[in-house]
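Here is what each chain is made of, one letter per residue.
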Amino acid sequence: MRHLPNARSSDQGRKPSARIVVIPLLQLFKAIFAPNRNFVDYGFVSSDTIPIVNFPVILCSDGTPWEIGNKYLINIATQFRIKPLSTKTIRGTADDLLNYLRFLEEYNLDLLYLPKNERLRVTYRYLNYVQELVIAGSIRFSTGKQRINRMVNFYKGLIEQGLISKKDLQNSPFEEMEATIRSLDGKGFTKLTTIHTHNLKLIGSDENKDPTFIIDDGSLKPLTRDDQKILLEALKLSNNRPMQLIFYLALFTGARIQTCCTIRIKHIYGKLDSNNDLRLRVGTGTGIDNKNGKNMTIVIPNWLVNDLKIYANSPKAKRSQKKSRLGESDENYIFLTNRGQPYYTSKADITNYQKESQARETPTNKPFRIHEGTTIRVFLSELLKRISFSKPGFNDYSFHDLRATFGMNLLERLLNNPMHTVHSALTVVQQRMGHADLEVTMRYLNYRANQRIYNETQDAYEQDLMEHVQHQHL
């Protein structure tokens, strides 16, 4: 059995054009066969797997589906009943498999080509191929690392799913091994964890050891106090109320983009605490999304709660609600586009749609689109362009940087309060940011110290040199 994608000899030397197409809703069926003497009688019934929204199908360069790759994707997408993989994770895996397929096509290699010479094995050749891309700067180190890991998981999955047998392997595609990593637990104590890994390692290191970034679910750059003022003034001038409120939620609560955008109208009418602030639980079981479904509490200040209530009952919001799937209901999202679409589709809505589709006898022609904050990112991009015209020195920021900005603002405020020690301040920030490990919260403290040292050193350095600089005056 060959596992090389279909290829014509006339295609040799051409750049691979393998690609991904998306099926809006993938519903799996089982074939039921009935014995018949004259012919094979069969029919199809729905399987008990939940339909998959926006399923990516990998096509080879000749337009045919990559059979083994797509079977693997279907299996990993349907193997979890309690907490299935997100659409984003499935698409990310498909993208990385697509890159591997293009490599196989470009070099006319079979994915089971694993000769005795380790360096000639297809997996080791792919490692070298990705390494060259990293060295050339074509992709980031972290991107290359992810591609290799997903390729490794692909081979493991093929065996576990029974798509290939160990007998099909001349030699091992990689060497499995164990490693011990050291980290801090939530109380600041060192813990050792044994992990399973492999020997297909890229040479290099993770980017952004730069002290001007904080590594917290990505490389984040907090906005300075002056930049925060400039951004807030630009938001005022935009006259876009839903965008203003979404940005306020991120900046004043530290909430991620999916959290801000999946808050429902009913959530803002919860009981207020002794400070008249709203302590809102988010994550699994709350109806409000958070990364990986992690449960935590965000604190929405009273003034922002009032503004959210006013907006949710405004004529503009009501018009959007009427156009939406949920209508004028407190189950609806606070933030909807003019067309009644959410800025970020919640996991609960995706799951409900999948279940409804599974129970429906005939498929619906009405499309179900998954939104992941693209409109907000486009708005921010345009906003930054407008700011740069009047403030050329203003740095570009991502929406996620607002989370780090909240963390730095909170830490600064707590440390300036004589009632707080450094440890108690860090504990509060850890809780409000939802960090599992205190080590991550410590990065905010280190960032603060590094920035102060840098600024003080730079000022002293420039003052010392400026005494010897000759100026010319117009």
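Residues numbered from 1 in each chain as written. Predicted model: local features only at pLDDT ≥ 70, side-chain atom pairs only at ≥ 80, totals over all residues. Heavy atoms only, no water.

## Digging into the overall build of the protein chain
Line of reasoning, step 1. When you go through the protein chain residue by residue, the secondary structure sums to 14 helices and 10 strands.
Line of reasoning, step 2. Sequence-distant contacts, at least 24 apart, represent 62% of the contacts inside the protein chain between residues at least 6 apart.
Line of reasoning, step 3. Accessible area for the protein chain stands at about 27400 Å²; split by element, carbon and sulfur atoms hold 51% of it. (Helix = DSSP H or I, 4+ residues; strand = E, 2+ residues; numbered from the N terminus. Contact = heavy atoms within 4.5 Å. Areas by Shrake-Rupley, 256 points an atom, 1.4 Å probe, with all protein chains shown as cover.)

## Here we look at the packing of aromatic side chains
Line of reasoning, step 1. Throughout the structure, instances matching the rule amount to 19 aromatic pairs.
Line of reasoning, step 2. Their ring planes at 65° and their centres at 4.7 Å tell us that Tyr100 and Tyr126 sit as a pair that is edge-to-face. In this pair, Tyr100 sits in helix H2 (residues 87-106) while Tyr126 sits in helix H3 (residues 122-135), placing the two residues 26 residues apart along the sequence. Each of the two residues, Tyr100 as well as Tyr126, counts as buried.
Line of reasoning, step 3. Ring plane angle 80° and centroid distance 6.0 Å describe the contact between Tyr107 and Tyr129, whose orientation is recorded as edge-to-face. You can see Tyr107 sitting in the loop between H2 and H3 and its partner Tyr129 sitting in helix H3, a full 22 residues away along the chain.
Line of reasoning, step 4. Taking the relative accessible area as the measure of exposure, Tyr107 reaches 38% and is therefore partly exposed.
Line of reasoning, step 5. Members of the aromatic cluster, connected to one another through ring pairs, are Trp66, Tyr72, Tyr100, Phe103, Tyr107, Tyr126, Tyr129, Phe154 and Tyr155.
Line of reasoning, step 6. When the ring centre of Phe213 is taken as origin, the NZ or CZ atom of Lys221, which lies over that ring, is 5.5 Å away.
Line of reasoning, step 7. When the ring centre of Tyr333 is taken as reference, the NZ or CZ atom of Arg264 above it lies at 4.2 Å. (Phe/Tyr/Trp six-rings, centres within 6.5 Å; stacked < 30°, edge-to-face > 60°. Buried < 20%, exposed > 50% of the residue type's maximum accessible area, 1.4 Å probe, protein only. Lys NZ or Arg CZ within 6 Å of the ring centre and 35° of its normal.)

## Digging into the pairing of strand E4 (residues 52-59)
Line of reasoning, step 1. For E4, the buried fraction is high: 7 of the 8 residues fall into the buried class.
Line of reasoning, step 2. When strand E1 (residues 19-26) meets E4, the two strands line up antiparallel, connected through 7 bridges. Paired with Ile20 across the strands is Ile58, a residue of E4. (Pairing = 2+ DSSP bridges.)

## A closer look at the packing of helix H12 (residues 401-415) against helix H13 (residues 422-433)
Line of reasoning, step 1. In the contact formed by H12 and H13, the axes pass within 9 Å of each other and the chain directions differ by 150°. Classed by the angle they form, the pair H12 and H13 counts as roughly antiparallel. Between H12 and H13 the crossing geometry is right-handed. Side by side, H12 and H13 meet where Arg403, Phe406, Gly407, Leu410, Leu411, Leu414 and Leu415 of the first sit next to Val422, Ala425, Leu426, Val428, Val429, Arg432 and Met433 of the second.
Line of reasoning, step 2. The residue inventory of the contact of H12 with H13, partitioned by class, reads 11 nonpolar, 1 polar and 2 charged. (Axes fitted to C-alpha atoms, helices over the stretch in contact; angles between N-to-C directions. Parallel < 35°, antiparallel > 145°, perpendicular 65-115°, else oblique. Left-handed = near helix turned anticlockwise from the far one by under 90°. Nonpolar A, V, L, I, M, F, W, Y, C, P; charged D, E, K, R; others polar.)

## Remarks on helix H6 (residues 241-253)
Line of reasoning, step 1. Helix length check: H6 (13 residues) gives 18 Å between terminal C-alpha atoms against 18 Å at 1.5 Å per residue, within 8%.
Line of reasoning, step 2. For H6, the buried fraction is high: 11 of the 13 residues fall into the buried class.
Line of reasoning, step 3. Along H6, the residues that are buried comprise Pro242, Met243, Gln244, Leu245, Ile246, Phe247, Tyr248, Leu249, Ala250, Leu251 and Thr253.
Line of reasoning, step 4. Gly254 occupies a position one or two residues after H6 and carries a positive phi of about 80°. (Expected span 1.5 Å × (residues − 1).)

## Looking at empty space enclosed by the protein
Picture a little ball the size of a water molecule; that probe, rolled over the atoms, points out where space is still empty.
Line of reasoning, step 1. Taken as a whole, this structure holds 1 cavity of 30 Å³ or more when the rule is applied.
Line of reasoning, step 2. Counted as a void, the largest cavity has a volume near 40 Å³.
Line of reasoning, step 3. Taken together, Leu223, Leu231, Leu380, Leu384, Phe394, Tyr397, Ser398 and Leu402 form the lining of the largest cavity.
Line of reasoning, step 4. Here the residues of the lining of the largest cavity sort into 7 nonpolar, 1 polar and no charged. (1 Å grid on protein atoms, 1.4 Å probe; cavity = no way out; pocket = protein on both sides within 12 Å on 5 of 7 lines; lining within 4 Å. Points joined across faces, edges and corners; volume = space filled by probe spheres on them.)

## As for the environment of Ala18
Line of reasoning, step 1. Relative to the assigned elements, Ala18 resides in the segment before E1.
Line of reasoning, step 2. Note: C-alpha distance between Ala18 and Leu101 (83 residues apart in sequence) is 7.4 Å.
Line of reasoning, step 3. Excluding residues that lie within four positions of it along the chain, Ala18 makes contacts with Leu59, Cys60, Ser61, Leu98, Leu101, Arg102 and Glu105.

## Some words on the pattern of salt bridges
Line of reasoning, step 1. Under the definition given, this model contains 15 salt bridges.
Line of reasoning, step 2. Residues Asp349 and Arg325 are paired through a salt bridge, measuring 3.4 Å at the closest nitrogen-oxygen approach. Within this pair, whereas Asp349 is found in helix H10 (residues 347-359), its partner Arg325 is found in the loop between helix H9 (315-323) and H10, the two being separated by 24 residues in sequence.
Line of reasoning, step 3. Of the residues examined, Asp349 reaches a relative accessible area of 8% and is grouped as buried. (Salt bridge = Lys/Arg side-chain N within 4 Å of Asp/Glu carboxyl O.)

## Considerations on the side chain of Arg256
Line of reasoning, step 1. By the secondary structure assignment, Arg256 is in the loop between H6 and helix H7 (257-261).
Line of reasoning, step 2. Judged by relative accessible area, which is 11%, Arg256 ranks as buried.
Line of reasoning, step 3. A polar contact is formed between the side chain of Arg256 and the side chain of Asp217, at a distance of 3.4 Å.
Line of reasoning, step 4. Arg256 has contacts with Asp217, Asn290, Lys291, His400 and Arg403, leaving out every residue within four places of it along the chain. (Polar contact = N/O pair within 3.5 Å; in protein donor to acceptor, adjacent residues only side chain to side chain.)

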